[in-house]
Amino acid sequence: MDIAELKKKWAGWTFDEVRFEIEAEPLAEFSLACGETLPRYTDPQDPNFQAAPSFAARFHGDRALPEGFPSDREASFDGGKAVDWKAPIRPGDTLIARSHIHDIFEKTGRSGGMMFIVHRMEFSNQNDEIVSIVDWKMIRKL
Amino acid sequence: MSDQKVVLGYGDVSFGDELPEVIPDVSMPMVRRFGETTGMTYWRFTDHEKAREAGLPGAIVPGIMSQGILVSLIHRWAPEASVLKIDTIFRAPVVVDSRPTCRGVVTDMDDEKRTVELDLTLSNEEGETRVLGTALVSL
C-alpha cells in the first residue's frame, strides 16, 4: 500500500458532517461518571457550568472513514484519542462536527509495518466558533 | 511520594511535582452510568461474562471514560486549571470492577504562557500501565 498516495487522495477534505444539540444533563452525567467534583462541570446550576474538557471525544460521526476508503474500520484498532479544548461547550449549544482524515503515516516496529490513520473531528458551535478538535488514531497492520 | 497540596496557580507548581494519586471508581454501576449517558452500552463494557467469552479479561472501561478520569485527576490537583489538550493512548484494557490508580507528574513548564505539561497514567493493581497520556494545562 502506497501511504503517500493514500494520503494525497484521502486526507484533508470533509467526508462527514453531523449536528449535536447540547443538553445539561448529559454534560453533568459525563463529568460525574468520570469522577469530576468541580461544580462548573457537575452542577447545571453553576453559573459557569460547561462540558468537561474531553467531552467532545464521546461523539461519533455517521462514518469513521470516507466511502470507498481502502481499509475497513474493523481491520484497525484504536490507537488513542487527543482532545484540543478551544472554548466551553454549554447547554443550549448546537455543535456541528466535521470529519476529515488529518494524516496517514507509517511506522515500523518489531512486529512489522503499521499504518496510522488520524481521523479528525472539528466541533464548531452556533457562532461558528471552534470549541474542540478531537483526533482519533486508527492503527492497522500492513 | 505525592504531597496533597492543592494547586491554586502557576506559582504553586514545580518541575517534577507529582499529582496526588487517585483511585477512580470503575465499578460496573459507574461504567453503566457512563454508558447510559454516552450510548456506550455495548457488552464489552457492561457484561463480564460475554467479554470473557470474547477473549477479554472481563468487561472493559471505555477509553474515553479513562481519558475523562485523567482529566478529573488534573482538576483535583488544580481546581482552577484549564486543560487545553489531553492526548491518551489506550495501551491495554482497564477492567471494570478493578482498582486502578491514576498518577501524574509535571514534565515541563512555560513561565511565559503559565502552562505546564503533565505525564499521566492509569495503572492496574499490578502496576502495569494500561492508559497513558500527556496534557497541556493552563494555570
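Below is a short write-up of the structure.

About the thresholds
Positions within a chain are numbered from 1, following the residues in the order the chain's sequence is written. Key to labels: chains lettered from A, ligands numbered from 1, both in the order written. Thresholds applied to this predicted model are a pLDDT of at least 70 for local features of residues and 80 or more for the giving and counting of side-chain atom pairs; totals over whole chains, interfaces and linings are not thresholded and use all residues. Side-chain metrics in this entry use all non-hydrogen atoms of the structure; hydrogen atoms and water are not considered. Contact between two residues is taken to exist if any of their heavy atoms lie within 4.5 Å; hydrogens are not considered. Accessible-area loss on putting two parts together, using a 1.4 Å probe and summing over both, is the definition of buried area adopted here. Every case where a carboxyl oxygen of Asp or Glu lies within 4 Å of a side-chain nitrogen of Lys or Arg is listed as a salt bridge. Throughout this description, a polar contact denotes any pair of N or O atoms lying within 3.5 Å of each other; where both atoms belong to protein, one of them has to be capable of donating a hydrogen while the other can accept it, and for residues adjacent in sequence the pair is counted only when both atoms sit in side chains. The secondary structure listing takes helices from DSSP runs of H or I that are at least 4 residues long and strands from runs of E that are at least 2 residues long, numbered from the N terminus. In this classification, Asp, Glu, Lys and Arg are treated as charged, Ala, Val, Leu, Ile, Met, Phe, Trp, Tyr, Cys and Pro as nonpolar, and every other residue, Gly included, as polar. Only strands joined by at least two bridges in the DSSP assignment are considered to pair. For a helix, the expected span equals 1.5 Å multiplied by the number of residues minus one. The classification of residues rests on relative accessible area computed with a 1.4 Å probe and restricted to protein chains. Under 20% of the type maximum is buried, over 50% is exposed, and intermediate values are partly exposed. Residues are said to line a cavity or pocket when one of their atoms sits within 4 Å of a point; the points come from a 1 Å grid over protein atoms alone, cavities being sets where a 1.4 Å probe fits but cannot get out and pockets being open sets with protein on both sides within 12 Å along at least five of seven lines. Grid points are joined across faces, edges and corners, and a volume is the space filled by probe spheres set on the points. Each nonpolar core is a collection of buried residues, namely Ala, Val, Leu, Ile, Met, Phe, Trp, Tyr and Cys, held together in the definition by side-chain atoms within 4.5 Å. For helices, the axis comes from a line fit to the C-alpha atoms of the stretch in contact; other axes are also lines fit to C-alpha atoms, and the angle between any two N-to-C directions lies between 0 and 180 degrees. Centres within 6.5 Å are what make two rings of Phe, Tyr or Trp a pair, Trp counting through its six-membered ring; a difference in plane orientation under 30 degrees is then read as stacked, over 60 as edge-to-face, and the rest as tilted.

## Some words on the interface of chain B and chain A
In this complex, chain B contributes 25 residues to the contact, which on the side of chain A involves 25 residues. Across the chain B/chain A interface, buried area totals approximately 2200 Å², and carbon plus sulfur atoms make up 52% of it. At the surface where chain B touches chain A, the tally comes to two salt bridges. For Lys85 of chain B, the salt bridge identified is with Asp84 of chain A, shortest N-O distance 3.7 Å. The interface formed by chain B and chain A includes 12 residue pairs in polar contact (both at pLDDT 80 or more). Of all the secondary-structure elements, those providing two or more residues to the side of chain B that touches chain A are α1 (28-38), α4 (63-77) and β1 (82-90) of chain B. Element by element, the count of residues in the side of chain B that touches chain A is highest for α4 of chain B, at nine residues. Classifying every residue of the side of chain B that touches chain A by side-chain character gives 13 nonpolar, seven polar and five charged. Of the strand pairs in this sheet, strand β2 (residues 77-85) of chain A and β1 of chain B are connected by four bridges, and their pairing is antiparallel. For Val83 of chain A, the partnering residue across the bridge sits in β1 of chain B and is Ile86 of chain B.

## Quick look at α4 of chain B
Helical geometry note: an α-helix holds 3.6 residues per turn, so side chains three or four residues apart project in the same direction. In a regular helix each residue adds 1.5 Å, so 15 residues correspond to 21 Å; α4 of chain B covers 22 Å between its end C-alpha atoms and thus fits that length. The element α4 of chain B is extensively covered by neighbouring structure, given that 14 of its 15 residues are classed as buried.

## What to know about empty space enclosed by the protein
Residues and elements named next belong to chain A. A complete count under the given rule lists one cavity of 30 Å³ or more for this structure. Along the walls of the largest cavity sit Ala51, Ala52, Pro53, Phe55, Trp85, Ala87, Ile89, Val131 and Ser132, which together make up its complete lining. Considered class by class, the residues forming the lining of the largest cavity number eight nonpolar, one polar and no charged.

## A look at the nonpolar core
As a rule of thumb, soluble globular proteins bury nonpolar side chains together. One finds Phe123 of chain A together with Ile74, Trp77 and Leu118 of chain B to be the most contacted residues of the largest nonpolar core, which totals 65 residues. One finds Ile3, Leu6, Trp10 and Phe69 of chain A within the second-largest nonpolar core, a separate group that totals 13 residues.

## Description of the sheet that holds strand β3 (residues 94-109) of chain A
Taken together, nine strands build an open sheet; the order of strands is β1(A)-β3(A)-β4(A)-β5(A)-β2(A)-β1(B)-β4(B)-β3(B)-β2(B) and the sheet is antiparallel. Only two strands of the sheet have a single partner each, and these edge strands are β1 (14-21) of chain A together with β2 (101-110) of chain B. For this sheet, the mean angle separating the axes of adjacent strands, direction not counted, is 20°. The pairing of β2 of chain B with strand β3 (residues 115-123) of chain B spans nine bridges and is antiparallel. In the sheet register, Val105 of chain B faces β3 of chain B, and the bridge partner there is Asp119 of chain B. Together, β3 and β4 (112-124) of chain A form the strand contacts of helix α1 (residues 3-10) of chain A, whose direction differs from that of β3 of chain A by roughly 170°.

## So, the packing of aromatic side chains
Aromatic ring pairs are described here by two measures, namely the spacing of the ring centres and the angle between the planes. Residue and element names in this part refer to chain A. Counted under the stated rule, the structure contains 10 aromatic pairs over all chains. Ring geometry for Phe20 and Phe59: centres 4.1 Å apart, planes at 25°, overall stacked. Residue Phe20 is located in strand β1, and its partner Phe59 is located in the loop between α3 (39-42) and β2; the two are separated by 39 residues in the primary sequence. Taking the relative accessible area as the measure of exposure, Phe59 reaches 8% and is therefore buried.

These figures capture arrangement, not role.
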